[in-house]
Number of protein chains: 4
Amino acid sequence: MRIGLLTGGGDCPGLNAAIRAVVKRGLGEYGHSIIGFRNGWKGVAEGDVMPLTRHDIRGVLDTGGTLLGTARYHPHSADGGLDAVRATLEAERIEALICIGGDGTLHAASKVAEETGTKIVAIPKTIDNDVAGTDRSIGFDTAVHIATEAIDRIHTTAESHNRVMVIELMGRSAGWIAVQAGIAGGAEVVLTPEEPFDIDRVTRYLKHRHRAHASFSIVVVAEGAVPAQGSSMEWETKYGKFGEIVSGAISERVAEEIAARTGFDTRVTVLGHVQRGGTPLPSDRILGSRFGVAAVDALQQGRTSVMTALRGEEVVLVPLEEVAGKAKPVPEELIRVANALA
Amino acid sequence: MRIGLLTGGGDCPGLNAAIRAVVKRGLGEYGHSIIGFRNGWKGVAEGDVMPLTRHDIRGVLDTGGTLLGTARYHPHSADGGLDAVRATLEAERIEALICIGGDGTLHAASKVAEETGTKIVAIPKTIDNDVAGTDRSIGFDTAVHIATEAIDRIHTTAESHNRVMVIELMGRSAGWIAVQAGIAGGAEVVLTPEEPFDIDRVTRYLKHRHRAHASFSIVVVAEGAVPAQGSSMEWETKYGKFGEIVSGAISERVAEEIAARTGFDTRVTVLGHVQRGGTPLPSDRILGSRFGVAAVDALQQGRTSVMTALRGEEVVLVPLEEVAGKAKPVPEELIRVANALA
Amino acid sequence: MRIGLLTGGGDCPGLNAAIRAVVKRGLGEYGHSIIGFRNGWKGVAEGDVMPLTRHDIRGVLDTGGTLLGTARYHPHSADGGLDAVRATLEAERIEALICIGGDGTLHAASKVAEETGTKIVAIPKTIDNDVAGTDRSIGFDTAVHIATEAIDRIHTTAESHNRVMVIELMGRSAGWIAVQAGIAGGAEVVLTPEEPFDIDRVTRYLKHRHRAHASFSIVVVAEGAVPAQGSSMEWETKYGKFGEIVSGAISERVAEEIAARTGFDTRVTVLGHVQRGGTPLPSDRILGSRFGVAAVDALQQGRTSVMTALRGEEVVLVPLEEVAGKAKPVPEELIRVANALA
Amino acid sequence: MRIGLLTGGGDCPGLNAAIRAVVKRGLGEYGHSIIGFRNGWKGVAEGDVMPLTRHDIRGVLDTGGTLLGTARYHPHSADGGLDAVRATLEAERIEALICIGGDGTLHAASKVAEETGTKIVAIPKTIDNDVAGTDRSIGFDTAVHIATEAIDRIHTTAESHNRVMVIELMGRSAGWIAVQAGIAGGAEVVLTPEEPFDIDRVTRYLKHRHRAHASFSIVVVAEGAVPAQGSSMEWETKYGKFGEIVSGAISERVAEEIAARTGFDTRVTVLGHVQRGGTPLPSDRILGSRFGVAAVDALQQGRTSVMTALRGEEVVLVPLEEVAGKAKPVPEELIRVANALA
């Protein structure tokens, strides 16, 4: 079989483990050919191919990023995109496609499967952990680790200087990184998209805490956190209509409000791109490896339009249509733990 | 409520996160008293108590080990052990007990519950991940991380020197660390207690690999790995009856056999105690925190003789009797992935 | 002897190692009393003391920050500051003072020694490494490590997305962190305060590199980097008078210029406070330990108004007056290596 | 110029940074050809060459080991070794040779220079830090880091279990790693080749410590540590003549003696090969980079039979004859600090 392989959307640690597993399993067990596409769907549209051999995947297991490159490109919204994709798949005689990506890539995969009839197996990756249908996506655990390490570091400097440190973490539609890194780093406050916050409650809590026993606090803010409707820090009235999420915007404003209301020395760190990079944790290498093997095995068994998923200790296959476009908010129990331990 | 708290068995990273969560939840939400016992069941038998306050748990979230100390002591097998435990529980007016431990501690917890009627909630911890009923126990992820890091390090030196490196990891009854670190570290061979190995097959594979393209190999050995019955490296005939597992024994012998049969320069590393220590990964801090909160909440709801457990994304309670003494071997799928990617 | 001890200026990793060494050496070898002052010179002025025992320094060797707290306060510029300091030193019967700090603290130490006649030994710390007279100050190596780790992480994401990544590191008056992390992280461009840059040259180089063989680049910018006089990116004409250094300002502008002139997808990361925090590297723990022991020994030998310093493999004492207020720019050889390997 | 390049002796982190620097500087600045030899002097004798291009050094800066491979082979002691080396150098028209290695490699370099007249510049590397003439050799800092991390991890498990943990670190002729990691890790006892130890004094100290306040201890042992003549643990009388250093031998015996004399629960960890491997610390990447550039520059300036060396903040060149065969023991001050802080 000639199997196409691509990585789409933002990069993250563990993608190379998945690529390696697809190649090793495909070549070694079944004698398939694995045809990589560079830069996600863009490379499919442009016919930018890179046949993958065992040589290409040597030494990549513990590396971040994706050796195939990636891009944010959606064939169904680009002009002539789907036609270009179809043309490449035909020219390269691709019989099946393994797509590693997040929500956008999965959506594109559904569209391409529908329009071209290509057999597709998807592998979920996203540091935001917001792909439905799977307990965890590739990249999430490493992102939480990097974020927690940053909170650990900021902790010691916050304590030494008696400061409130606001740290902004990734998470536009869901606060997975913020909540998990907040619990792991022992943050005093965690603000997420799931629960619009009331800045007055936050500052009251900080004042209470500093009066009682502490001289510093850590406030973790997901970049998609929003103030509650009707609260005193409503965007519309104080900062104008708040549209697209801009890196750093919410944390800067939260810090200003805290400083203004408490008088505490308050500083901001926006962690940014480092959350995407570097050596993957073992759990992301393992998840990538398991998903890669499972995706090739699924094609071998004739399964198509499915996504590999982790459910408890098992790797299973779920229909793409059940997961595409679904939200995956942080469960209430986790938010409760974060609050209980603040 | 006066709640007793102990950590038993071998120490591991994430215990302090669980202790902290029990104290914060117990004191903060419900106004309970948390009475720590030093050094596991031994401290209960000896009445070695340490009432825990918020002050005691400051700064412990990211630390390894257990601030309560631990010991391998089983009240039901020690002379007068259960009586001593009962006496302490009465003297300290303990109404309920939260026990953090592995198989041995859970077994002791069942016995104590049975004999004394004490309400007990258990929290599973073990770097070996062999407690049944839960996807994961506290300490496992960090141990896999440390082991993988060691394999990564040994990888570069193996490659530079064209050597076969044998690395022994923990795991007496189950090969969880070996399989997961083996996948994550890209080991060529992984030997586990679950699958008795044939040294001839191992060396044939290594010779084939070195002839084909490589000049080095990594062989991961769980300390409880055993040669297959009737294979040419049977313990009984070559090394005498193999009784208790001794650290380093199996890896030294595997290395000798490989060197003798292949002529490759072969070296051994026994990772040992470092697998138990140091800063816990976020996932172990989070698991400890969730289990700690869930244990206190369980008591509050009148649940008893249960163990907190991770099932997929949820924390649930399972009856102690369903898990005590049960094995938890590595699932076949994981072993298949390890082999597929070797 | 009653020895006062304080940490001043910004916190950094390795301070606790120095505090621990002063306490262990002072108490253990000579039977001195060590009186800690909280929050730097501010604590001296306010009489905020914390007598230090062996108990206080348990478990602090591998922790970041300073257990004494710190603040940016200069007694000689605060109203009545020097009088308040004198009063506290008399009230506490302090016979000698060990001051751990950067340029500001050393300057204050000279003033206090002059005005009050107190015996003073200083220990240099600064992540910026800009204290003259010593090869290295406490905290620098760890800061370089954190910065390099961030560059490593950004490297993989830059490569996956074909981006120019601009990363801003600390260093207002000297580019030590930028140059060392730039070399260690393999940055393509390193901009420092020592060498005003020409944005046209930078962008020409990036365009050349991307035409030739690469699709991504890393640009490291010290926060104190400045455009060259007369260059096309002069602050005065393009952005108005450039006064105080503001975190993020220079890197945002450099990124805008690069994007505008090259059309490359360009992103910014401002590393910020994480550079100050977390577990110190061994070399900072060792330097702190050596300086702490040396400072106590110096007082024992009657040396005063000196600073402990690393010179090659030796720890020596240098007169405070020889180092206070002196600059310590990055040597030309290091900048040459950074450029040679870009 | 055609410049040969080899790495000899044991591998260590930072070698690839040096190789990369030699290639980048040689090709980029001067238009030289860089001819790599595989597996150290063995590859020179066997004519095993690998011309190095910019492509070969992509992505190696942060990797451990050596991309050239290495071996312990000395041309002057192998039969016909020097003749084979001369033949290869002539066949490959090598005009100069850059040798990266430890004591053995430097010695071989002197011999080859003498016998063949080849221009040679040496670059010192050794995790043991026992090359004279330079403050530091490539690989040492990373080894200390790995060893310290292991001590940190063992610390938490020692404390949790009230144990004496004996940890054996590398260092046959000098105790650099043991002393530095011992200081950084807060070890209670550090045994080195420099100072033959008296086991009675060690156990008396441990008993005193455990009586006074502690319930655990860390004992760091360099693999080349030896008991003092005439002490109660003399090798000759207790264990037979002690010849070659065997990994694990000394630590096992020290642990047995401690357990026998104190009754404390005592465990051994032999850290082994992990000390050589993995991602180099920034300081080793920087040192490798500086030495690589300096070696090429030295040849350009006609300097020969010299070694690059770090002296304080400078990189200098020292005559090979001044350093070959010289010992570099740990300075007394460092040992004093280790003892003072125990």
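Model, not experiment: these values are computed from the prediction. (Residues numbered from 1 in each chain as written. Chains lettered and ligands numbered in written order. Predicted model: local features only at pLDDT ≥ 70, side-chain atom pairs only at ≥ 80, totals over all residues. Heavy atoms only, no water.)

## With respect to the relation of the copies chain B and chain D
Note the following rule: Here the copies were fitted onto each other by least squares, based on C-alpha atoms from residues at pLDDT of at least 70 in both. Throughout, a residue-residue contact means that at least one pair of heavy atoms, one from each residue, lies within 4.5 Å.
Once chain B is rotated about the relating axis by 180 degrees and shifted along it by 0.0 Å, it coincides with chain D to within an RMSD of 0.0 Å. Here the two chains are linked by the operation of a two-fold rotation axis. Both copies present the same face, since 100% of the interface residues in chain B are matched by interface residues at the equivalent positions in chain D.

## Observations regarding the interface of chain B and chain D
The line we're drawing: Summed over both partners, buried area is the accessible surface (1.4 Å probe) that two parts give up on being assembled. Salt bridge, as applied in this entry: a Lys or Arg side-chain nitrogen positioned within 4 Å of an Asp or Glu carboxyl oxygen. Starting at the N terminus, helices and strands are each numbered in turn, a helix being any DSSP run of H or I of at least four residues and a strand any DSSP run of E of at least two. In this count, Pro and Cys sit with the nonpolar residues alongside Ala, Val, Leu, Ile, Met, Phe, Trp and Tyr, while Asp, Glu, Lys and Arg are called charged and the others, Gly among them, polar.
Counting residues at the interface gives 31 residues for chain B, matched by 31 residues for chain D. Together, Arg153(B), Ser160(B) and His273(B) form the three largest contributors to the area buried by chain B at its contact with chain D, with a combined 29%. Applying the counting criterion to the chain B and chain D interface returns two salt bridges. In this structure, Glu149(B) engages Arg153(D) in a salt bridge whose closest nitrogen and oxygen atoms are separated by 3.4 Å. Looking at the side of chain B that touches chain D, the elements with two or more residues in it are helix 5 (140–161) and strand 9 (266–270) of chain B. When residues in the side of chain B that touches chain D are grouped by element, the largest group, nine residues, is from helix 5 of chain B. For the side of chain B that touches chain D, the residue count by class is eight nonpolar, 17 polar and six charged.

## Some points on the environment of Pro13(A)
All names here are of chain A. Tracing the sequence through the fold places Pro13 in the loop between strand 1 (2–7) and helix 1 (15–30). Sequence separation between Pro13 and Gly278 is 265 residues, and the spatial gap between their C-alpha atoms is 6.5 Å. Contacts of Pro13, omitting those with residues within four sequence positions, involve Gly64, Ile127, Ile138, Gly139, Thr142, Arg276, Gly277, Gly278, Pro280 and Asp284.

## Digging into the UniProt feature "binding site: ATP" (unreviewed entry) in chain A
Selection criterion: UniProt positions are given in the numbering used here, feature names are shortened, and annotations may be inferred rather than shown by experiment.
Residues annotated by UniProt as "binding site: ATP" (unreviewed entry) correspond here to Gly10(A), Arg72(A), Tyr73(A), Gly102(A), Asp103(A), Gly104(A) and Thr105(A). Their sequence span is 96 residues, while the largest C-alpha to C-alpha distance among them is just 12.3 Å; these annotated residues converge on one region. By secondary structure assignment, the location of Gly10(A) is in the loop between strand 1 and helix 1. In this structure Gly10(A) touches Thr70(A), Arg72(A), Lys125(A), Arg276(A) and His161(C), once residues within four positions along its chain are discounted.

## What about the pattern of salt bridges?
To be explicit about the condition: Only protein chains enter the accessibility calculation, which uses a 1.4 Å probe; a residue whose area is less than 20% of its type maximum is buried, one above 50% is exposed, and one in between is partly exposed.
Within the structure shown, the criterion is met by 80 salt bridges over all chains. In this structure, Asp152(D) engages Arg285(C) in a salt bridge whose closest nitrogen and oxygen atoms are separated by 2.9 Å. With Asp152(D) in helix 5 (residues 140–161) and Arg285(C) in helix 10 (residues 282–300), the pair connects residues from two separate chains. For the pair Asp152(D) and Arg285(C), one class covers both residues: buried. Two residues, Arg163(D) and Asp265(D), come together in a salt bridge whose shortest N-O distance is 3.0 Å. Of this pair, Arg163(D) sits in the loop between helix 5 and strand 6 (164–169) while Asp265(D) is found in the loop between helix 9 (249–262) and strand 9 (266–270), placing the two residues 102 residues apart along the sequence. Here Asp265(D) falls in the partly exposed class, since its relative accessible area comes to 32%. One connected set of salt bridges, linked through shared partners, spans Glu149(A), Arg153(A), Glu149(C) and Arg153(C).

## Regarding a positive patch on the surface
Residue and element names in this part refer to chain A. To be explicit about the condition: Within this analysis, patches are made of residues with over 30% relative accessible area and no salt bridge. Like charges are joined at 9 Å or less; nonpolar side chains (Val, Leu, Ile, Met, Phe, Trp, Tyr) at 5 Å or less. Residue burial considers only the protein chains on display, and all accessible areas are found by Shrake-Rupley using a 1.4 Å probe. The charge count includes Lys and Arg as positive and Asp and Glu as negative, but it does not include His or the ends of the chains. We put the charge of a Lys on NZ, of an Arg on CZ, of an Asp on CG and of a Glu on CD.
Residues Arg201, Arg204, Lys207 and Arg211 make up a contiguous surface patch of positive charge. If you trace the backbone, Lys207 turns up in helix 7 (residues 199–212). Relative accessible area serves as the criterion here: at 33%, Lys207 is assigned to the partly exposed category.

## Things to note about the UniProt feature "active site" (unreviewed entry) in chain A
Residue and element names in this part refer to chain A. The UniProt entry lists Asp128 under the feature "active site" (unreviewed entry), expressed in the numbering used here. On the secondary structure map, Asp128 appears in the loop between strand 5 (119–124) and helix 5 (140–161). Each residue touching Asp128, except ones within four places of it in the same chain, is listed here: Phe140, Met170, Gly171, Arg172, Trp176 and Ile177.

## A closer look at the domain arrangement of chain A
Residue and element names in this part refer to chain A. Keep this limit in mind: Domain delimitation in this document rests on an assignment produced automatically or drawn from a domain database.
Split into domains, chain A comes out as domain 1 (2–139 + 280–323) and domain 2 (141–275). The gap between the C-alpha centroids of domain 1 and domain 2 is 34 Å. The interface of domain 1 with domain 2 comprises eleven residues on the first partner and twelve residues on the second. Summing the contributions of domain 1 and of domain 2, the shared interface buries around 930 Å²; its carbon and sulfur component is 53%. Ranking the residues of domain 1 by area buried against domain 2 places Ile127, Asp128 and Leu281 at the top, with a combined share of 50%. Across the contact surface, domain 1 and domain 2 share one salt bridge. Across the pair Arg136 and Asp141 runs a salt bridge, and its minimum N-O distance is 3.3 Å.

## Observations concerning the relation of the copies chain B and chain A
Superposing chain B onto chain A takes a rotation of 180 degrees plus a shift of 0.0 Å along the axis, which leaves an RMSD of 0.0 Å. In this assembly, 100% of the residues forming the interface of chain B have copies in chain A that are likewise at the interface, indicating an isologous arrangement.

## Let's talk about helix 5 of chain B
All names here are of chain B. Filter applied, for reference: Multiplying 1.5 Å by the helix residue count minus one yields the expected span of that helix.
The terminal C-alpha atoms of helix 5, which comprises 22 residues, lie 31 Å apart, in line with the 32 Å expected from a rise of 1.5 Å per residue. Counting buried residues along helix 5, 20 of its 22 residues qualify, which places the element largely inside the surrounding structure. Positive phi shows up at Asn162, right after helix 5, with a value of about 55 degrees.

## A short note on the interface of chain B and chain A
Each side of the interface is counted separately: chain B has 38 residues, and chain A has 38 residues. Summing both partners gives a buried area of about 3300 Å² for chain B against chain A, and 57% of it is carried by carbon and sulfur. Considering only the side of chain B, the residues that lose the most area to chain A are Ile286(B), Glu313(B) and Leu341(B), jointly responsible for 18% of the buried surface there. Here chain B is connected to chain A by eight salt bridges. For the salt bridge of Arg58(A) with Glu159(B), the shortest nitrogen-to-oxygen distance reads 3.0 Å. Sorting the residues of the side of chain B that touches chain A by element identifies helix 1 (15–30), helix 5, helix 6 (176–185), helix 10 (282–300) and helix 12 (332–340) of chain B as the ones contributing at least two each. By residue number, the principal contributor to the side of chain B that touches chain A is helix 10 of chain B, which donates six residues. Taken together, the residues that form the side of chain B that touches chain A break down as 17 nonpolar, seven polar and 14 charged.

## Digging into the state of the cysteines
Going by this rule: Disulfides are defined in this document as cysteine sulfur pairs within 2.5 Å.
The final tally for this structure, using the stated rule, is zero disulfides over all chains. Between Cys12(D), a free cysteine, and Cys99(D), which holds the nearest cysteine sulfur, the sulfur-to-sulfur gap is 15 Å.

## Some details on the environment of Ile35(A)
All names here are of chain A. Position of Ile35 relative to the elements: it lies in strand 2 (residues 33–37). Separated by 30 residues in sequence, Ile35 and Leu5 place their C-alpha atoms 6.0 Å apart. Other than its neighbours up to four places away in sequence, Ile35 contacts Arg2, Ile3, Gly4, Leu5, Val49, Met50, Pro51, Glu92 and Ile94.

## Comments concerning the side chain of Ser217(A)
All names here are of chain A. The test is simple: A 3.5 Å cut-off defines polar contacts: any pair of N or O atoms within that distance qualifies, except that in protein one atom must be a possible hydrogen donor and the other a possible acceptor, and neighbouring residues in sequence count only when both atoms are side-chain atoms.
Within the secondary structure, Ser217 sits in strand 8 (residues 217–222). At 2.7 Å, the side chain of Ser217 forms a polar contact with the side chain of His210. Aside from chain neighbours lying at most four places away, what touches Ser217 is Arg163, Val164, Met165, Glu188, Leu206, Arg209 and His210.

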